[in-house]
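Chain and residue survey
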Amino acid sequence: MTDIRILKTHQAIENAMSDLLKEKSFDHITTTELVKRAGISRSSFYTHYQDKYEMIDKYQSAFFLKLATIFRENDTDLGTAIYELFKFLDTDCPVESALLSENGTREIHMYLIQQIKTFLADVIFPNFGQKSFDQVNLDYRTTYLSQAIFGILQLWIKRGKQESPQEITDILMLMLASQGHV
């Protein structure tokens, strides 16, 4: 059984990191700021994490696993995969959302963009594209679309997730369809 104090400390650190990422980039957040915002001692922080990088690495690893699951389970349906991603981020995962914001880590940004690009290249275009593309054309299209999808995701987070996961998915899919991409 997990000690309630451990859970509370983890929650305080998570909330502090999420709040700080709304104000500044991950690289500019110090451990001192993090523990002060969390209302805990430095020793308490170091009891749980070696440093801020280890903390974020745990969140990123869990997020990467969740993304892989979303794309694997919806391996032939871009709309459902996108919806599941937005639905996941709309739930109680403030650190993951903050990591995807403009202040988040480049590693998580690049990973998500690459996952979307691979999904488009390996699944969507071969199975649902209106015509086949040569490799150069496919590379440009998947790069453009993965960046566009990621940009929409970042804007949605920046706007405070005002639209429901279904609404933002519909907006995105309508844009993609109107451009003849999917």
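So, how was this worked out
Residues numbered from 1 in each chain as written. Predicted model: local features only at pLDDT ≥ 70, side-chain atom pairs only at ≥ 80, totals over all residues. Heavy atoms only, no water. Helix = DSSP H or I, 4+ residues; strand = E, 2+ residues; numbered from the N terminus. Axes fitted to C-alpha atoms, helices over the stretch in contact; angles between N-to-C directions. Parallel < 35°, antiparallel > 145°, perpendicular 65-115°, else oblique. Left-handed = near helix turned anticlockwise from the far one by under 90°. Contact = heavy atoms within 4.5 Å. Salt bridge = Lys/Arg side-chain N within 4 Å of Asp/Glu carboxyl O. Buried < 20%, exposed > 50% of the residue type's maximum accessible area, 1.4 Å probe, protein only. Phe/Tyr/Trp six-rings, centres within 6.5 Å; stacked < 30°, edge-to-face > 60°. Lys NZ or Arg CZ within 6 Å of the ring centre and 35° of its normal. Core = buried A, V, L, I, M, F, W, Y, C linked by side-chain atoms within 4.5 Å. pLDDT = per-residue confidence, 0-100.

Bringing unusual backbone geometry into the picture now. Trans peptide bonds make up most of the peptide bonds, and negative phi angles are found at most residues other than glycine. The residue lysine 161 is not glycine, and still its phi comes out positive at about 55°. In this structure, lysine 161 sits in the loop between helix 8 (135-158) and helix 9 (165-178).

Okay, the packing of helix 4 (residues 52-73) against helix 5 (residues 78-90) next. Running from N to C, helix 4 and helix 5 cross one another at 150°; their axes reach a closest spacing of 9 Å. The pairing of helix 4 with helix 5 is recorded here as roughly antiparallel in orientation. Pair helix 4 / helix 5 crosses with right-handed handedness. Touching Phe63, Lys66, Leu67, Ile70 and Phe71 of helix 4 are Ala81, Glu84, Leu85, Phe88 and Leu89, all from helix 5.

Note on placement: threonine 169 falls in helix 9. The residues touching threonine 169, leaving out its near neighbours within four places in the chain, are Gly79, Ile82, Tyr83 and Phe86.

Here the focus is the pattern of salt bridges. Evaluated as defined, the whole model comprises 6 salt bridges. A salt bridge links lysine 158 to glutamate 102, with the shortest nitrogen-to-oxygen separation between them at 3.9 Å. Residue lysine 158 is found in helix 8, and its partner glutamate 102 is found in the loop between helix 6 (94-100) and helix 7 (106-128); the two are separated by 56 residues along the sequence. Exposure remark for lysine 158: the relative accessible area of 61% places this residue in the exposed category. Linking glutamate 163 and arginine 159 is a salt bridge whose minimum nitrogen-to-oxygen distance equals 2.5 Å. Its relative accessible area of 37% is what places arginine 159 among the partly exposed residues.

We now examine the packing of aromatic side chains. According to the stated counting rule, one finds 7 aromatic pairs in the structure shown. Here phenylalanine 45 and tyrosine 46 contribute two aromatic rings whose centre-to-centre distance is 5.4 Å and whose plane-to-plane angle is 80°, an arrangement assigned as edge-to-face. Following the ring pairs from residue to residue traces out a cluster consisting of Phe45, Tyr46 and Tyr49. Sitting over the face of the ring of phenylalanine 26, lysine 52 holds its NZ or CZ atom 4.5 Å from the ring centroid.

Ranked by internal contacts, the top residues of the largest apolar core, which has 55 residues, are Phe63, Leu89, Leu100 and Leu153. Going through the elements one at a time, helix 1 (4-23), helix 2 (31-38), helix 4, helix 5, helix 6, helix 7, helix 8 and helix 9 are the ones with two or more residues in this core. Among the elements that take part in this core, helix 7 stands out by supplying 10 residues, more than any other. Beyond its immediate stretch of four places on either side in the chain, leucine 100 contacts Phe63, Leu89, Ile108, His109, Leu112, Phe150, Leu153, Gln154 and Ile157.

The next thing to look at is the confidence of the model for the chain. Scored by pLDDT, the chain comes out at a mean of 86, with 93% of its residues at no less than 70. Here helix 7 stands out as the least confident element of the chain, with mean pLDDT 81; helix 2 is the most confident, with 95.

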